[in-house]
Amino acid sequence: MDTKFELFDDSDANAPPSYDAVSTSTIPVDSVQCRPPPVFSRLRIKQTRATVLSLIRDIVSTPDFTPSSATPIVKACAAALPAAVFADLLQTPNIEGHTAMYWAIVNNRPEALWAFLKFVPQYSTACYSDVRLACMATSDHTLFMSMGLRRDVNCKDEPLTRSLGCPPDEIQVHEGDGLPENQFTADLQIRMFQKRLRITQKMRMELIAKGRVWSLLFFSGHEAKLHVILGLSQHSLPARPNPVLRIEARKGQPDCVAPPEGLQIKFQLKETNLLVPEDYANQSQSSCTGIYALMGDWLMYDNTIYVDSDGTLRHACKAGDNIDIARAG
């Protein structure tokens, strides 16, 4: 589709002659230097914003929109408005109750999404929740991670990882590959896990699979033992998982006859119970918001075989009706 667009044009064929052609000797200085009242500027911005919103709506929702047109149109729209106004427009749920970025994700418009993100210095609260919802609706874990949408339970964790020079955590989700339709696997590498958890006491990991946002909350209890809770994040559909956490041991010495055994931690969910997110509207006595498991006290041991030399925890996750979270080292 050929896309044409134009913003406001200030040219006017019937414009009055320039000031150079008019003698200003009899015109008061104040009248020459006066500016339009602010109300006219606000009106102009409001009109331009409406035009820009119409163009943005076309980019994310028109069925035969040409992807290559997205970037130049977005740039032109950004140039027509103050930066803060344009960023606010992109993050306001003004298109069928959702943001422009939500529709760019749901309608698979990556060119538009990355063009938008260049003009969004920081997510607003509403936009952050909306794009998380879009990633969940499309079950796109890769995009979820690349957009930095993981929700931390401890506000100290992000600045701590920067101070420690900690590399980003890695979480890869795999679906299909011979697995039953209701299962998935995920490989997790939690960098400096031991050190970070000793300092913050809590750490939360999130991943998207099967149209849900799954969370793992690790925390150390008063008895110096490590605990983990499996849950579902906001807006996720209920599930009835049968999860197992497997932690692989680090490789032993070259002369070791048998490799050290890893850990296997089973979560317990009653057959009649249903795992639901905390905001689920229809909670009942048979529903729960988290499945608890005890991991032991190895977190407190130096040189434990369950983490790498830099304290990295690795585990893999297999989920659906059965969730199998594994691998640490």
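Just so we're clear, the structure is a prediction, and the values are computed from it rather than from any experiment. (Residues numbered from 1 in each chain as written. Predicted model: local features only at pLDDT ≥ 70, side-chain atom pairs only at ≥ 80, totals over all residues. Heavy atoms only, no water.)

## Examining empty space enclosed by the protein
Here the structure, examined in full by the defined rule, presents 3 cavities of 30 Å³ or more. Of the pockets and cavities examined, the largest cavity occupies roughly 70 Å³. What lines the largest cavity is simply Ser 129, Arg 132, Leu 133, Met 136, Val 213, Gln 234 and His 235. At 4 residues, the largest contribution of residues to the lining of the largest cavity is made by helix 7 (residues 125-137). Within the lining of the largest cavity, the residues separate by chemical class into 3 nonpolar, 3 polar and 1 charged. (1 Å grid on protein atoms, 1.4 Å probe; cavity = no way out; pocket = protein on both sides within 12 Å on 5 of 7 lines; lining within 4 Å. Points joined across faces, edges and corners; volume = space filled by probe spheres on them. Helix = DSSP H or I, 4+ residues; strand = E, 2+ residues; numbered from the N terminus. Nonpolar A, V, L, I, M, F, W, Y, C, P; charged D, E, K, R; others polar.)

## So, unusual backbone geometry
One non-glycine residue with positive phi stands out, namely Ser 139, at about 50°. On the accessibility criterion, Ser 139 (24% relative accessible area) is partly exposed. A positive phi is found at Met 192, a non-glycine position, where the angle reads about 45°. Considering the arrangement of structural elements, one finds Met 192 in the loop between strand 2 (183-190) and helix 10 (193-200). Judged by relative accessible area, Met 192 falls into the buried class, the value being 14%. (Buried < 20%, exposed > 50% of the residue type's maximum accessible area, 1.4 Å probe, protein only.)

## Examining the sheet that holds strand 4 (residues 212-220)
Judged by pairing direction, the sheet is antiparallel, and its 4 strands sit side by side in the order 3-4-5-10 without closing on themselves. Bordering the open sheet on either side are strand 3 (202-209) and strand 10 (291-296), each of which pairs with just one other strand. Looking at each pair of strands side by side, their axes are set apart by 20° on average, direction ignored. The pairing of strand 3 with strand 4 spans 8 bridges and is classified as antiparallel. For Glu 206, the partnering residue across the bridge sits in strand 4 and is Ser 215. Across the face of the sheet, helix 10 comes into contact with strand 3, strand 4 and strand 5 (226-232) while running at roughly 125° to strand 3. (Pairing = 2+ DSSP bridges. Axes fitted to C-alpha atoms, helices over the stretch in contact; angles between N-to-C directions. Contact = heavy atoms within 4.5 Å.)

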